[in-house]
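# A closer look at the structure
Residue strings, one per chain:
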There are 2 protein chains.
Amino acid sequence: AKSNGYVQTGRSISVESLRPSDSFIPRHISNAPACIEGKMAKDCGFESLSELIDKTVPTHIRKQTELDLGQFTEAMTENKFLEHMQELGSKNVVNKNFIGMGYYGTLTPTVILRNLLENPGWYTQYTPYQAEISQGRLESLLNFQTMITDLTGFPMANASLLDEATAAAEAMTMCSAKANGKKPKFLVSDKCHPQTIAVCTSRAEGLGLECVVSPEADFDFSGNDVCGVLLQYPATDGSLNEYGSVIDAAHAVNAKVVMATDLLALTMLTPPGELGADIAIGSSQRFGVPMGYGGPHAAFLATAEEYKRIMPGRVIGTSIDQHGNPALRMAMQTREQHIRREKATSNICTAQALLANIAAMYAVYHGPEGLKQIAGRVHGLAGILAAGAKELGMSVKSDLFFDTVSVNVGGGKAAGVVEAAVAKGYNIRQLDESHVSIAFDETSSLEDVDVLFSVLSGGSASFTAESLAQGVTCNAGGFKRTSDFLTHPVFNTYHSEHEMLRYLARLEAKDLSLCHSMIPLGSCTMKLNATSEMMPITMGEFANMHPFAPEDQAAGYKEMIGNLADILCEVTGFDAMSMQPNSGASGEYAGLMAIRAYHRNNGDYHRNVCIIPVSAHGTNPASAVMSGMKIVTCKTDAQGNVDIEDLKVKVAKNAENLGALMVTYPSTYGVYESRIDEICQIIHDNGGQVYMDGANMNAQVGLTSPGLIGADVCHLNLHKTFAIPHGGGGPGMGPIGVKAHLAPFLPSHPVVPTGAMPAVDEKKPFGCMAAAPHGSSLILAISYAYLVMMGSKGLTKASEHAILNANYMASRLSEDYEILYKGENGTVAHEFILDVRPFKDSANIEAEDIAKRLIDYGYHAPTMSWPVTGTLMVEPTESESKDELDRFCDAMIAIRKEIAMVESGQLDPVNNPLKNAPHTQDVVMAEKWEHPYSREMAAFPIGYLKDFKFWPTTSRVDNVFGDRNLQTTLCCDDISAYAQAE
Amino acid sequence: AKSNGYVQTGRSISVESLRPSDSFIPRHISNAPACIEGKMAKDCGFESLSELIDKTVPTHIRKQTELDLGQFTEAMTENKFLEHMQELGSKNVVNKNFIGMGYYGTLTPTVILRNLLENPGWYTQYTPYQAEISQGRLESLLNFQTMITDLTGFPMANASLLDEATAAAEAMTMCSAKANGKKPKFLVSDKCHPQTIAVCTSRAEGLGLECVVSPEADFDFSGNDVCGVLLQYPATDGSLNEYGSVIDAAHAVNAKVVMATDLLALTMLTPPGELGADIAIGSSQRFGVPMGYGGPHAAFLATAEEYKRIMPGRVIGTSIDQHGNPALRMAMQTREQHIRREKATSNICTAQALLANIAAMYAVYHGPEGLKQIAGRVHGLAGILAAGAKELGMSVKSDLFFDTVSVNVGGGKAAGVVEAAVAKGYNIRQLDESHVSIAFDETSSLEDVDVLFSVLSGGSASFTAESLAQGVTCNAGGFKRTSDFLTHPVFNTYHSEHEMLRYLARLEAKDLSLCHSMIPLGSCTMKLNATSEMMPITMGEFANMHPFAPEDQAAGYKEMIGNLADILCEVTGFDAMSMQPNSGASGEYAGLMAIRAYHRNNGDYHRNVCIIPVSAHGTNPASAVMSGMKIVTCKTDAQGNVDIEDLKVKVAKNAENLGALMVTYPSTYGVYESRIDEICQIIHDNGGQVYMDGANMNAQVGLTSPGLIGADVCHLNLHKTFAIPHGGGGPGMGPIGVKAHLAPFLPSHPVVPTGAMPAVDEKKPFGCMAAAPHGSSLILAISYAYLVMMGSKGLTKASEHAILNANYMASRLSEDYEILYKGENGTVAHEFILDVRPFKDSANIEAEDIAKRLIDYGYHAPTMSWPVTGTLMVEPTESESKDELDRFCDAMIAIRKEIAMVESGQLDPVNNPLKNAPHTQDVVMAEKWEHPYSREMAAFPIGYLKDFKFWPTTSRVDNVFGDRNLQTTLCCDDISAYAQAE
Ligand SMILES: Cc1ncc(COP(=O)(O)O)c(C=O)c1O
Ligand SMILES: Cc1ncc(COP(=O)(O)O)c(C=O)c1O
Ligand SMILES: O=C([O-])O
């Protein structure tokens, strides 16, 4: 090495060592250091991690080349990524938006922004299946349900749906179900948002219904074939319309009335429940949730008691615990598609819990008076706009409106006015060639109205908003609301920031999240949701984009989504992606609809049989039904693989009509079936398409891919493999990848045409299946972050470590538990099933007892009784450290010892720590201790708890009581009153 | 009202109702709603709040007009404020910085950014006086101390100082103290940072020392008058110099050696402790803490055991609790100025705990290997820069350096090169007319080096950084570090994000903060630190500014600081402000130094007597001594007021030499002395100046003001009245306001000249007293936020509600406790003292027992034994809701009942819940319960705890054991080993 004089001794510098060192890979993959990785592989009985992988992933489906992610092949550092997002953000033009159409500017109270939306204590929670360690978010979701019922005037609501448009479609399904599927027509008012109409129309297709879109006046009830109607209140053009007669007409033929509505408007307007509607749906976005270029937001559905058995989604309810104390829980989980499978009326699984919590907290913070004040202001500004438009000699479409005014700007002039507004940084909506509509929201101001006057007048108006104000009166005509709402103390207490902060902190403290310990839920992939991944979603340039803003304003989003699609194509081995589906189940539906469209396009209208292995997730059959498919079940063999002989039989029987196979890979049993390619071949040979459920992609990325294996379409749960946090039950994203032949059929959108990404020439979209063009676009940034910060090598390594960690645990646990399914070389995939069924006989201990006992040990239970009843399925993910895996294994082994003590009689068969689990502070600190084991054994059974103990806040929840006394809103001042229900 | 046609009925719109409704005032002032306010006033025995205020604040000092805050008179909404800050931020030019001089770019790991710096669970904590509910931050601060001792090679370090320059000055004081004040000279190397030299020189002034600044070679030890020397390693120009001989020379005459150093450099270089230095000081800023235009950052001071009694600041130590379990605590709190008053060797009180925690967590996250990697990269880039400079035919000042290279760019050319760099968006430093220096940091890259080559070459260089790299070798000459550091497991475990996240969460969960309940510490004003106030400090445009960036790059900062100064002038009734002091105590020092300079400017060199009431905070006398004043104490009367007769006597005795009076208003006893104006008059009549301690400004804002009352100077604890969070013991800001005659004397700065704001023509600064021109500029944004979001009316209302809340509590508690001091109409100010001394006799219960018992009730204790020994001082602030005040009162009343039970013999005199408090989970859940009261009484003595229980993680800490076994670093792998020390 040439000496430059200043140095005498020392080692020469490598350029590599001068690269930024804030590499994300070792931050994400906890056991990345070579010494740890090597030791763990050895503990699993292999020389190295690569040997373990070679023995686990079938050779003939192994990807032979490294992932080629183009410019993103090399991992970006965390800091570079954040700079990159700032640059992308700067390419978005964040105009002031008056477009409306279901998306409004809103101010997320910063105390909620920071302590809920940006807080891993909230966003890394899982769906509250384990009620005892979820009372915080259960309370918040009960607040959400109460808020929805109060505002809509119905007694029941669920804890969120995916978006307003799919909520309308879900309501349509309910109407059809109420008519026992015997009335195929659903009448839709043409004053609904276009995306709502599009989604209902598409969804009707699959269900064999027909959406008839027309003015309400033209609704035809004469055929006794109408199951329901959909009205919008206020309508998409802002008008408030008298729906009394159409409601009467519908009811006269026993058709149900669905009303799409707006929560803020309902603080001023008579609620749908009081107007005679049967179901209300809508979005809670404008209650503090940023527009995010389309989502995520929590949609809602409220209805009457009589619909409770067909209400889609999760519903939180009150109950009591083992000791009779009040406790909350998910009341409707047993009615989900999990159990009902092909008989389910909806496939919704992941919903929008985090966003529902934000909306609920927004109402808690503002209270009824605060909300009325906001609504009054919004309405007032709209009133002034209307008055001004008239002053300018323009007519308004309707004199009754809440926040949106449609103005006749003169024949052919609307486009020019919209352009003039854009030139001033204001987005407004063009309704038709002579009308624009202008929607106000919480962020609008008097100054904005002045700017809009100047736009309308084409120069400067001779008056100001302020000068007009006093001449304008608020008016909701006959729609003025008279009933109270949000009277419960929870909506009338936490109005100062300290009170709110502490309420949030109190609820958070009740809930176990990834901030505390691993959440080893099989099939859920609860991996690290890294801070740098989360940061872009609260950058204004991404958060404040309206989905229907002119496309050239969204250049940053376009670039990001395009990059993401390219990366995901390479990762999946597919040719094109659709970013529209908002959840895994939505992805299933979209994929099957694409297959359906493909078959139909080939003239194969009859190809409607869908083969689904018994091991499939419950959403699979539910989605298949929604796509109009007939389900044929196929067995699995003793190793957990698809029973190929049975498959052949079923295929042979249905060869003519074979539409698709739905298959999960690795299987839901945690096994890499080596004959998967053969399975795909059988389907293809018989004219069918292979739908792959991508829930287990975390065992595939970089090692193999759905495309390579032979699938035609696959959804990706971005909220599993690709690092979107679970948010306590959503948001998620379920984009689908497809082979080229399916690309033309990917969904589009009525406002912003989409389709395959990268785009294809031929476009024959099966329809539209979400309110927003690219679903919950905002959180795509999270997966994008994950992918580009991991890069090609990091992504592959993540899959390898997911497998390593699972095998390490399986091997540590295999002395004490039976691992139900293993691959050919005795290894498992990225997850595995512990068979705890034998303990039922030996000690009367069931999976649930172990799950609840794990709470005492500080852990969330693995997936319980799925995919195999009575078992536990463990998925560690690559983000967990060996220390953490060991702690969990220690806990499981200690529990096994406790079971042994029951078996041997050392512990009482009934009064033992497993049956009594979880143990609360109340119980452990009670004056009287009536158990034959110690208090310490109850609550501190293992050493690491001395360092940190997470307490359940309720004893085991009584589901039977809750079912018998279904109560799904805050009904009275004192929550303890619930306990007296029975 | 004119009808606009579209409306038929309804109420007319007021323009007021159309203004944005996200008003901050009711979010901050919890009891703002008129119905609550009115009821509380009545409960206090007054018709209205205004009557209560009229009866409480002396009429003759009442401000007669509303605060006139100019454009900020009207409160900004939260959203508008955030927009305003974005606009101000956009006026800052955030260049890449290579200036060095103690401030470096750094990447705050986002997991730390979000979960610590942006987390109210961390930033709203108080100084860990109540060890039992502070074990989390105590552990983190112990990590900090361990990190400092490991890196510097000394056995002891404190838990932060205010900045590097004042740390140097504190070390100077230690050297002087070691020489018993008998050696007045302190020799300072001219290779120290200019701000360090300036602060030491100024500080020497007050202390009667002399700083002699010269090259080390010229140090003159011959007079036996040198107490110490200050060297910088690496030096300000980047050079690594051989200090062996100067150290030997110093030690030969028993002078002490202070070394200013750099933590990142020390990962490569032999530490000061091994080089023979006696004290090391420096800044931990580059360990993950943003530059923030000068602060806040945690400075450090490490030294040998023998200095422990004179070490300034707080020191965390290990001890055991009541049950012999290991526990952490503030070991040195008793050595603070609180107790030692005028004998204190330092006045530091609020320090930089939050920033020390960030720096410590940065080291925990990176570990020794990660830090070495960063250092290696920084050093490598510097090496390449040096090599390239030589290729360009330039010489470098020193061939030995760590991160900073000084290049000779040719006579007279340095300024032009600096300008050329700025033109490319790069800030470098001009050392003299022919030299520039370029400092690298964690954020620097190879590409940056290329840009710098093009700057140096004045065009494009014929080589690239990458092409040079292989020819360059790393070299630390004889300085190469050989010793290990950060070997403790805590620095070698939490390197993945999940592990780090959970470590942070685990520590956070141990600490009570404002997220849990009110912290009613008298004199500390623990008010809401609102989210919107906190948001700007992590905006890049503010966080990433170098304090010595060219002034025109800081236009946004300038505007903000200027606005803030204007507002604070109006609030205080003064003519000018200085933003330099970093804490209340620093403000005291600055104010007294300004008074001193004023007297001297008048020829009154003899005016050096400072009268201080006995009730004053300990920092007052400590600051006075540091300013070279002689302290004369003055009594207080039975009502807690200054004893005016005694004051007159003291003034008369010292009239000739009277320099100043220091007085707190309202008094530290929580009383508005009505004769305060008379007191000021007496001082003025005798040629003295009135220094007002502004700690109690929360009872003055808008109602009266220091200027109105007659003070000449006053500091403001922005971390009390003006909403900067306490951060577990800092950061704070203590700007001072002065009357016009003192404005010329306000401090300036050697790099960025400052002085009075608004500026005055005459400038005769007493010197410089902080490393950065405007102190911890970054957090000025928090106070600015508070002021502009409250506006004139909100600020005044806040003071009124602070008084209301205190009186409400005093009135509720007065049946059970004696309120020690009250004003003339029986009211208290914004805080009050509960006299619990009688219980010592009646039940052997002391203030400490009540304080610890409050922990069981979920509360942080009020201020204990200050200002009156054996009492508790309660300050609720305006941010607490009536519900919260009631809960705290309920707790105090319940405790009073417990005391009564001890008095009556119902509870055991020794084995009772007060003496045994606080009760941990361990204790309450122990198998054996050996107390004559119940477990429930121990831990759940009151109803509201059922909703949320905050647990202390240790029983009462044994201070005596800790003092006897002083251990202030992590010494071994297992923390439990500490318990065996004795
Ligand atoms: C195997 C499998 N398929 C489908 C789904 C449904 O995905 P989502 O909840 O996103 O709708 C899940 C969800 O857990 C799953 O595990
Ligand atoms: C009355 C009083 N004066 C001065 C101070 C010192 O302020 P700081 O801690 O900011 O140095 C305090 C701190 O609590 C105080 O209460
Ligand atoms: O330390 C004090 O805040 O007094």
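So, how was this worked out
Residues numbered from 1 in each chain as written. Chains lettered and ligands numbered in written order. Predicted model: local features only at pLDDT ≥ 70, side-chain atom pairs only at ≥ 80, totals over all residues. Heavy atoms only, no water. Helix = DSSP H or I, 4+ residues; strand = E, 2+ residues; numbered from the N terminus. Rg over C-alpha atoms; globule rule 2.2 N^0.38 Å. Buried < 20%, exposed > 50% of the residue type's maximum accessible area, 1.4 Å probe, protein only. Contact = heavy atoms within 4.5 Å. Areas by Shrake-Rupley, 256 points an atom, 1.4 Å probe, with all protein chains shown as cover. Least-squares fit on C-alpha atoms with pLDDT ≥ 70 in both. Buried area = accessible area lost by both parts, 1.4 Å probe. Salt bridge = Lys/Arg side-chain N within 4 Å of Asp/Glu carboxyl O. Polar contact = N/O pair within 3.5 Å; in protein donor to acceptor, adjacent residues only side chain to side chain. Nonpolar A, V, L, I, M, F, W, Y, C, P; charged D, E, K, R; others polar. Phe/Tyr/Trp six-rings, centres within 6.5 Å; stacked < 30°, edge-to-face > 60°. Lys NZ or Arg CZ within 6 Å of the ring centre and 35° of its normal. Pairing = 2+ DSSP bridges. Axes fitted to C-alpha atoms, helices over the stretch in contact; angles between N-to-C directions. Arc of directions from axis to C-beta. Near = heavy atom within 4 Å. Core = buried A, V, L, I, M, F, W, Y, C linked by side-chain atoms within 4.5 Å. Left-handed = near helix turned anticlockwise from the far one by under 90°. Parallel < 35°, antiparallel > 145°, perpendicular 65-115°, else oblique.

Before going further, it helps to spend a moment on the overall build of chain A. Counting its secondary structure elements, chain A contains 33 helices and 26 strands. Taken over the C-alpha trace, chain A has a radius of gyration of 28 Å; the compact-globule value for 982 residues is 30 Å, and the two agree within 12%. Taking the principal axes of its C-alpha atoms as reference, chain A extends roughly 85 × 80 × 75 Å. Relative to its 982 residues, chain A shows a buried fraction of 69%. Nonlocal contacts in chain A, meaning residues at least 24 apart in sequence, comprise 76% of its contacts between residues at least 6 apart. Per element, the accessible surface of chain A, about 28,900 Å² overall, is 48% carbon and sulfur.

Here we come to the relation of the copies chain A and chain B. Between the two copies of this chain, the relationship is a rotation about some axis together with a displacement along it. Overlaying chain A with chain B gives an RMSD of 0.0 Å, the required rotation being 180 degrees about an axis along which the chain moves by 0.0 Å. What the rotation and shift describe, once combined, is the action of a two-fold rotation axis. Using C-alpha coordinates, one finds that chain A approaches the rotation axis most closely at Met925(A), a distance of 2.8 Å. In this assembly, 99% of the residues forming the interface of chain A have copies in chain B that are likewise at the interface, indicating an isologous arrangement.

Between chain A and chain B, the contact holds 107 residues from the first and 106 residues from the second. Counting each side, the surface lost to burial between chain A and chain B is near 9,000 Å², with a carbon and sulfur contribution of 51%. The interface formed by chain A and chain B contains 14 salt bridges. With a shortest N-O distance of 2.8 Å, Arg502(A) and Glu880(B) are connected by a salt bridge. Counting the contacts that link chain A with chain B gives 40 residue pairs in polar contact (both at pLDDT 80 or more). Residue contributions to the side of chain A that touches chain B peak at twelve residues, all from helix H14 (residues 353-391) of chain A. Of the residues in the side of chain A that touches chain B, the class split is 42 nonpolar, 35 polar and 30 charged.

What follows deals with the pattern of salt bridges. With the rule as written, the count across this model stands at 98 salt bridges over all chains. Measuring nitrogen to oxygen at the nearest pair gives 2.9 Å for the salt bridge that ties Lys390(A) to Asp399(A). One network of salt bridges, in which partners are shared, links Glu499(A), Arg502(A), Glu880(B), Glu884(B) and Arg887(B).

The subject of this paragraph is the packing of aromatic side chains. All names here are of chain A. Counted according to the given criterion, the structure contains 46 aromatic pairs over all chains. Centroid distance Phe-219 to Phe-221: 6.2 Å. Interplanar angle 85 degrees. Geometry classified as edge-to-face. Between Tyr-233 and Phe-479 the ring centres are 5.8 Å apart and the planes differ by 50 degrees, which places this aromatic pair in the tilted class. Here Tyr-233 is found in strand E5 (residues 226-233), whereas its partner Phe-479 is found in the loop between helix H17 (465-469) and helix H18 (497-509), with 246 residues between them in sequence. Each member of the pair, Tyr-233 as well as Phe-479, carries the same accessibility label: buried. Ring pairing ties together the aromatic residues Phe-72, Phe-81 and Tyr-784, which thus form one cluster. Over the ring of Tyr-104 we find Arg-286; its NZ or CZ atom is 3.8 Å from the centre of that ring.

Moving on to the sheet that holds strand E15 (residues 576-578) of chain B. All names here are of chain B. One open sheet holds the seven strands; their spatial order is E15-E21-E20-E19-E18-E16-E17, and the pairing between them is mixed. In this open sheet, the two strands that pair with only one neighbour each are E15 and strand E17 (630-634). For this sheet, the mean inter-axis angle between neighbouring strands, taken without regard to orientation, is 25 degrees. Alignment of strand E18 (residues 658-664) against strand E19 (residues 689-693), held across five bridges, turns out to be parallel. The partner of Met-662 across the bridge, within E19, is Tyr-691. Along the sheet, helix H23 (residues 619-626) contacts strand E16 (609-613), E17, E18 and E19; its crossing angle with E16, the most-contacted strand, is approximately 175 degrees.

Moving on to helix H2 (residues 34-43) of chain A. Residue and element names in this part refer to chain A. Turning to H2, its buried residues number three or more, namely Glu-37, Met-40 and Ala-41. One side of H2 holds all its buried residues, which, seen down the axis, span an arc of 100 degrees. Buried positions along H2 lie against helix H3 (49-56), helix H27 (777-813) and helix H30 (882-904). A positive phi of about 95 degrees marks Gly-45, the residue just after H2.

Residue and element names in this part refer to chain B. Neighbouring ligand 2 are 15 residues; Thr-350, Ser-523, Asp-693, His-719 and Lys-720 lie closest to it. Here a nitrogen atom of ligand 2 sits 2.5 Å away from a polar atom, N or O, in the side chain of Asp-693. For ligand 2, whose free accessible area comes to 390 Å², the fraction covered by protein is 97%. Looking at the shell around ligand 2 element by element, the count peaks at three residues for helix H22 (residues 584-601). For the shell around ligand 2, a count of residues per class yields four nonpolar, eight polar and three charged.

Residues and elements named next belong to chain B. Look at the link from Gly-730 to Pro-731: it is a cis peptide, with omega at 15 degrees. Tracing the backbone shows Pro-731 in the loop between strand E20 (713-715) and strand E21 (736-738). Here the amide bond leading from Met-757 into Pro-758 is cis, since omega sits at -5 degrees, within 30 degrees of zero. Here Pro-758 shows up in the loop between E21 and helix H27 (777-813). Unusually for a residue other than glycine, Asn-844 sits at a positive phi of about 55 degrees.

Right, let's get into the environment of Phe479(B). Take Phe479(B): its relative accessible area is 6%, and that puts it in the buried class. Residues Phe479(B) and Met76(B), 403 residues apart in the sequence, show an inter-C-alpha distance of 55 Å.

This next bit is on the site of ligand 1. Residues and elements named next belong to chain A. With respect to spatial proximity, 15 residues lie near ligand 1, and among them Thr-350, Ser-523, Gly-584, Asp-693 and His-719 are the closest. At 2.6 Å from an oxygen atom of ligand 1 is found a side-chain nitrogen or oxygen belonging to His-719. At 2.8 Å, a side-chain N or O of Lys-720 approaches an oxygen atom of ligand 1. If ligand 1 stood free it would expose 390 Å²; the protein chains cover 97% of that surface. The element that contributes the greatest number of residues to the shell around ligand 1 is helix H22 (residues 584-601), accounting for three residues.

Attention now moves to the nonpolar core. Grouped together as the largest cluster of nonpolar side chains are 528 residues, with contacts concentrated most on Met147(A) and Met147(B). If sequence neighbours within four positions are ignored, Met147(A) has contacts with Leu263(A), Phe287(A), Ala359(A), Ala360(A), Ala363(A), Leu486(A) and Phe491(A).

With that out of the way, let us pick up the packing of helix H5 (residues 110-117) of chain A against H14(A). All names here are of chain A. Orientation of H5 relative to H14, taken along the N-to-C sense of each, is 145 degrees, at an axis distance of 10 Å. Where H5 crosses over H14, the two elements pack in a sense that is right-handed. Of H14, the residues touching H5 (which contributes Val-111, Ile-112, Leu-116 and Leu-117) are Leu-354, Asn-357, Ile-358, Met-361, Tyr-362 and Tyr-365. Each residue belonging to the contact of H5 with H14 can be placed in one class, and the counts come to nine nonpolar, one polar and no charged.

All names here are of chain A. For strand E10 (residues 326-330), the tally of buried residues reaches four of five residues, placing the bulk of the element in the interior. Judged from the five bridges that link them, strand E9 (residues 316-321) and E10 form a sheet pairing that is antiparallel. Following the sheet pairing, Gly-317 is matched in E10 by Arg-329. The hairpin formed by E9 and E10 contains four residues between the paired strands, and Gly-324 there has a positive phi angle of roughly 85 degrees.

Residues and elements named next belong to chain B. Here we have seven strands laid out as an open sheet, ordered E2-E8-E7-E6-E5-E3-E4, and mixed in their pairing. Since the sheet does not close on itself, it has two edges, and those belong to strand E2 (156-157) and strand E4 (210-214), each with one partner. As judged from the five bridges shared by strand E3 (residues 185-189) and E4, these two strands associate in the parallel manner. Looking across to E4, one finds that Lys-185 is bridged to Glu-210. Contacting E3, E4 and strand E5 (226-233), helix H9 (residues 194-207) crosses the sheet at an angle of about 150 degrees to E4.

Looking now at the packing of helix H29 (residues 847-856) of chain B against helix H30 (residues 882-903) of chain B. Residues and elements named next belong to chain B. Look at H29 against H30: their axes get within 10 Å of each other, and the N-to-C directions meet at 125 degrees. With respect to each other, H29 and H30 are oriented oblique. Here the hand of the crossing between H29 and H30 comes out right-handed. Contacts between H29 and H30 pair Ile-850, Arg-853 and Leu-854 from the former with Phe-888, Ala-891, Met-892, Ile-895, Glu-898 and Ile-899 from the latter. Across the contact of H29 with H30, the residue classes break down as seven nonpolar, no polar and two charged.

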